[in-house]
Amino acid sequence: MESSNLKDAGLKVTHPRKRILDILETQRNKHLTADDIYRCLIEAKEDIGLATVYRVLNQFESAGLVEKHNFESGQAYYELDSGEHHDHMVCVETGKVIEFVSAEIEAAQKKIAAEHGYEIEDHSLVIYVRPKSKS
Ligand SMILES: [Zn+2]
């Protein structure tokens, strides 16, 4: 199943590409950094270097298989491109990434763009949050 994804994306099936796609697929709800993926590979006793992980992720991004997010935490996060739009919240304390979709926000953005004489081509929204203090 993974190999056909690679072929559909126009990429030759290689071992590193298969393994990295595997990791992205089995952790589907997660947003992973190259380091996270590299660590998974080490745990699985795979001999794939970090440079290869970066190279493969760039190829995946160019092929439209993954989406890359540059959150303010500095490290890029990668996720499989599900084709479905969603926005993100990033916890500044833990680095946790939360996905959400808000019809209200989508509608408000359309309205604001229209008020300026535009229609939305694309957008990405990231909200930086911290856990609510309990006091
Ligand atoms: Zn996401």
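Please read all numbers here as calculations on a predicted model, not as lab measurements.

Visitor: What is the right way to look at the nonpolar core in this model?
Guide: Note on soluble globular proteins: their nonpolar side chains tend to be buried together. Counting residues in hydrophobic clusters, the biggest one holds 20 residues, and the most contacted among them are Ile20, Leu24, Ile37, Val53, Leu57 and Phe60. Those elements that place two or more of their residues in this core are α2 (15-26), α3 (34-43), α4 (50-62) and β2 (76-80).

Visitor: Is there a simple way to explain the pattern of salt bridges in this structure?
Guide: Where side chains of opposite charge bring their charged atoms close, a pairing between them can arise. Under the counting rule described, the total for this entry stands at five salt bridges. Between Arg19 and Asp22 there is a salt bridge, with its nearest N and O atoms 2.9 Å apart. Placement of both Arg19 and Asp22 in helix α2 is noted, with a separation of three residues, approximately one turn of the helix. With a relative accessible area of 22%, Asp22 lands in the partly exposed category. A salt bridge links Arg39 to Asp36; its shortest N-O distance comes to 3.6 Å. Here Arg39 and its partner Asp36 are both found in helix α3, three residues apart, which amounts to about one turn of the helix. By relative accessible area, Arg39 is classed as partly exposed at 47%. A relative accessible area of 22% means that Asp36 is categorised as partly exposed. Among the charged side chains, a network of salt bridges with common partners joins Arg19, Asp22 and Glu46.

Visitor: Hey, could you run me through the coordination of the zinc ion in this one?
Guide: Ideal coordination angles are 109.5 degrees for a metal with four donors arranged tetrahedrally and 90 or 180 degrees for a metal with six donors arranged octahedrally. Each protein donor to the zinc ion is listed here as His31 (NE2), Glu79 (OE), Glu79 (OE), His86 (NE2), His88 (NE2) and Glu99 (OE); together their distances run 2.0 to 2.6 Å. One can describe the site at the zinc ion as irregular: its six donor atoms subtend angles covering 53 to 161° at the metal. In primary-sequence terms, the residues that donate to the zinc ion follow H-x47-E-x6-H-x1-H-x10-E. Here His31 is found in the loop between α2 and α3, whereas its partner His86 is found in the loop between β2 and β3 (87-91), with 55 residues between them in sequence.

Visitor: How do you make sense of the packing of α3 against α4 when you look at a structure like this?
Guide: A pair of packed helices can be characterised by two numbers: the angle between their axes and the separation between those axes. α4 packs onto α3 with a crossing angle of 125° between their chain directions and a minimal axis gap of 9 Å. If you check the angle between α3 and α4, you find them oblique. In terms of crossing hand, the pair formed by α3 and α4 is right-handed. Here Ala34, Asp35, Ile37, Tyr38 and Leu41 of α3 lie close against α4, whose contacting residues are Leu50, Val53, Tyr54 and Leu57. Along the lines of polarity and charge, the residues of the contact of α3 with α4 split into eight nonpolar, no polar and one charged.

Procedures and definitions
- Residues numbered from 1 in each chain as written.
- Predicted model: local features only at pLDDT ≥ 70, side-chain atom pairs only at ≥ 80, totals over all residues.
- Heavy atoms only, no water.
- Core = buried A, V, L, I, M, F, W, Y, C linked by side-chain atoms within 4.5 Å.
- Buried < 20%, exposed > 50% of the residue type's maximum accessible area, 1.4 Å probe, protein only.
- Helix = DSSP H or I, 4+ residues; strand = E, 2+ residues; numbered from the N terminus.
- Salt bridge = Lys/Arg side-chain N within 4 Å of Asp/Glu carboxyl O.
- Donors = N, O, S within 2.8 Å, 3.2 Å for Na, K, Ca; no water.
- Tetrahedral: all angles 85-135°; square planar, octahedral: opposite > 155°, others 65-115°.
- Axes fitted to C-alpha atoms, helices over the stretch in contact; angles between N-to-C directions.
- Parallel < 35°, antiparallel > 145°, perpendicular 65-115°, else oblique.
- Left-handed = near helix turned anticlockwise from the far one by under 90°.
- Contact = heavy atoms within 4.5 Å.
- Nonpolar A, V, L, I, M, F, W, Y, C, P; charged D, E, K, R; others polar.

Structural measurements only, silent on function.
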